[in-house]
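Summary of structural features
One-letter residues, chain by chain:
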Amino acid sequence: MNTNVNTETNSHPLDRCSGVELDAAVALLKQSGNLSEEAYFANGFADEPDKEVVLGFKAGTPFERVIRLIGHDPQQKQSFDARVSLTKNELVQFLWIEDGQAAVTGVDVIKSIKLLHKNSDWLEAMSKRGIEDLSLVHVEPWVAGRRPEGMSANARAFSAIFFLHKELEDNHYARPVEGLIAHVDVDSDQVIIEDHGVVPIPEDDGEYAANRIQSLRQDLKPLEITQPEGPSFEVEGQVIKWQKWKMHVSVNPVEGLVLHDVRYDDDGKDRPILYRASLSDMVVPYGDSSPMHNWKHALDSGETNMGHGANSLSLGCDCLGEIYYFDNTILKANGEAQEVKNVICLHEEDYGVLWKHTNMMLEKPIPEVRRSRRLVVSCFHTVGNYEYGFYWYFYQDGTIQMEVKLTGHIGASVVPDGLGTDTSPMVAPMISSPIHQHLFCFRLDFNLDGAQNTVCETNVEALPVGPDNPLNSGFRAVTTPFKSESEAKREVDPRKSRSWKVINAAVRNQVDQPVGYKLLPQSSPVLLSGDESLPAKRGAFAKHNLWVTPYQSDELYADAGPFSNLHSGGAGLPAYTSKDRAIDDTDLVVWHTFGVTHVPRPEDWPIMPVEYAGFTLLPVGFFDQNPALDVPPPSKACHD
Ligand code: NI
């Protein structure tokens, strides 16, 4: 087999894997003899070369193409981490993972269901509940987070919960089978049934699909977005150019949407801002003490492959207007490559007023108004019962924004007495929903006018009483640079308008300030699970809204990353920052955890309207003045 494929199919070291490359890498790994016949794959993706290689890359320069293959071998009862160099045509790394396992795959789900269907304890638990037709039982194997009692220390454990269809097309989430959890070790075929007693199954349908809703509103007139001359962006390979922005985009199986090498053309000067930006991982801890929910704290990227859940998007549904779609290639559990169409949506949106002033002193006042337009780079992911949309926005004034959209099905408990609690409020007749959080940790590898950057914190506070503050009305912005990793573990504080700023002290603007970009957080919670809890150990990145680390090429994940599944905790940010390294005037990475504490409400049932979370990156002295003065007026009519 000719595996020397990089020069033929890749034009850039950050380009996505082709099916040919994945096939070649899998073949080389299989030939190595490290894996048994039963081994299966969780993901496969191009291993990004060193920063110097990427930043110094010139079109046509050869580069080493390495594919990372991650999976699980039931015979070994361990997961593996392999790197295959297609350039050298050899396996360059093979590791058995000691702590943690590869993400859940379709193989695990199907095996869990099969094991249950032939397990007498599970069949009895179903029969006790009067469930005769097992084809109507929806089995949902959850990432267990831990090895349930009675399982071996290396079990590939899943904890399955159940829902009952009336018919296969309906919304099974409306009818939870309360009180029953089945713990499955798919490596040893062990099944442990945890039965907390029979609870009636709700009768209500909780439908939301268009063909199952009684009536749809009739008063919506068409709303069409047209761009008769096409969009203002250009796409070449995976590189996007729009207005003065330039970036490379990809979808990683673990992290989902990744932005690379985000740059701004400032009057002909090519200025780097971010080397890489992505979701690193997220945690969804549940606060309800019910045994059905208290163990849940899903790490939706590392444990379940956020990127594999990326939907194929469709025009007029997910995105409106003139759309460009990027495709992706993923590795299926059986080792075959699969092309997924339309995973990244690229389009422009009108975003209201960019800036405006009317000079009322003129004889005929003319409003100077500019309309804002933003570039939207987005993905939408399904993770079990839930959906996450990740939207990067780029604006003409240099602002970058991340907006997460949360929707889908909330968790449910059956409460026949209709009495909710403060950890699980009622959302529908007989249904309460457990309180929980969604905490996202974004990894922002800054490259602000070069690698040597520093992070500062700004707090706005009242001036002390004194001669400088004669009316006692003054306040000031106090900015302090962080010197070490321990100093930079911080929380948001809206009372102080707290924000963080990445600066490059060696590059000054026209008023001699260091150029900077502010990380403007929203009013976001941190992890509420107790310090000694498993969520706090495994999702420790969520204990602080800010972390800063010096750049290390192997420090890509806030937790155990692709081996977060069943990892005992402590990996990622707690481990990286344990040395308390220096972080000033160096190549650094900012990690921002934000999200929502979700107290479910009736309006979240039977499907949840989008809730939003996110953050903004705002230029602060990066430009000499408003960089959007050259945006033309929207039309001549505005001036007449
Ligand atoms: Ni939620």
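Residues numbered from 1 in each chain as written. Predicted model: local features only at pLDDT ≥ 70, side-chain atom pairs only at ≥ 80, totals over all residues. Heavy atoms only, no water.

This paragraph deals with the domain arrangement of the chain. When the domains of the chain are assigned, the result is domain 1 (7–96), domain 2 (106–212) and domain 3 (234–285 + 300–351 + 374–414 + 434–451 + 483–624). Taking the mean C-alpha position of each, domain 2 and domain 3 sit 33 Å from one another. Each partner contributes residues to the interface: domain 2 has 23 residues there, and domain 3 has 16 residues. Per-residue buried area on domain 2 facing domain 3 is highest for Val143, Gly145 and Tyr173; these three make up 35% of the total on that side. On inspection of domain 2 and its partner domain 3, the count reaches zero salt bridges. Along the contact surface separating domain 2 from domain 3 lie four residue pairs in polar contact (both at pLDDT 80 or more). Among the secondary structure elements, those contributing two or more residues to the side of domain 2 that touches domain 3 are β5 (137–143) and β6 (157–164). The element best represented in the side of domain 2 that touches domain 3 is β5, accounting for three residues. (Domains from an automatic or database assignment. Contact = heavy atoms within 4.5 Å. Buried area = accessible area lost by both parts, 1.4 Å probe. Salt bridge = Lys/Arg side-chain N within 4 Å of Asp/Glu carboxyl O. Polar contact = N/O pair within 3.5 Å; in protein donor to acceptor, adjacent residues only side chain to side chain. Helix = DSSP H or I, 4+ residues; strand = E, 2+ residues; numbered from the N terminus.)

Further remarks concern the coordination of the nickel ion. By definition of the ideal shapes, four donors in a tetrahedron about a metal sit 109.5 degrees apart, and six donors in an octahedron sit 90 or 180 degrees apart. Coordination of the nickel ion by the protein involves Tyr386 (OH), His436 (NE2), His438 (NE2) and His598 (ND1), with metal-donor separations of 2.1 to 2.5 Å. Coordination at the nickel ion is irregular: its four donor atoms span angles of 86 to 154° at the metal. One chain supplies every donor to the nickel ion, and in sequence these donors are spaced Y-x49-H-x1-H-x159-H. For the pair His436 and His438, a shared accessibility class is recorded, and that class is buried. (Donors = N, O, S within 2.8 Å, 3.2 Å for Na, K, Ca; no water. Tetrahedral: all angles 85-135°; square planar, octahedral: opposite > 155°, others 65-115°. Buried < 20%, exposed > 50% of the residue type's maximum accessible area, 1.4 Å probe, protein only.)

Here we come to the packing of aromatic side chains. Summed over all chains, the structure comprises 31 aromatic pairs. When the ring of Trp245 is compared with that of Tyr264, the centres are 5.0 Å apart and the planes differ by 85°; the resulting orientation is edge-to-face. Taken together, the residues span a long stretch of sequence, with Trp245 in strand β11 (residues 245–252) and Tyr264 in strand β12 (residues 256–266) at a distance of 19 residues. Residue Trp245 shares its accessibility class with Tyr264, and that shared class is buried. Ring centres 5.3 Å apart and planes at 50° place the aromatic pair Tyr386 and Tyr388 in the tilted group. No difference in accessibility class separates Tyr386 from Tyr388, as the two residues are buried. Here the aromatic residues Tyr386, Tyr388, Phe390, Trp392, Phe440, Phe442, Phe594 and Phe615 are joined through ring pairs into a cluster of three or more. We note Lys296 situated over the ring of Trp142; from NZ or CZ to the ring centre the distance is 4.3 Å. (Phe/Tyr/Trp six-rings, centres within 6.5 Å; stacked < 30°, edge-to-face > 60°. Lys NZ or Arg CZ within 6 Å of the ring centre and 35° of its normal.)

A separate point is the pairing of strand β7 (residues 180–185). Counting buried residues in β7 gives six out of six residues, a clear majority hidden from the surface. The side-chain alternation of β7 yields two buried faces, one formed by Leu180, Ala182 and Val184 and the other by Ile181, His183 and Asp185. Bridge analysis of β6 against β7 gives four bridges, and the strand direction is antiparallel. By the bridge assignment, Ala157 is partnered in β7 with Asp185. Here β7 pairs with strand β8 (residues 190–195) via six bridges, running antiparallel. Opposite His183, over in β8, you have Ile192 as the bridge partner. Between the end of β7 and the start of β8, which pair antiparallel, lie four residues, with Asp189 showing a positive phi angle near 65°. (Pairing = 2+ DSSP bridges.)

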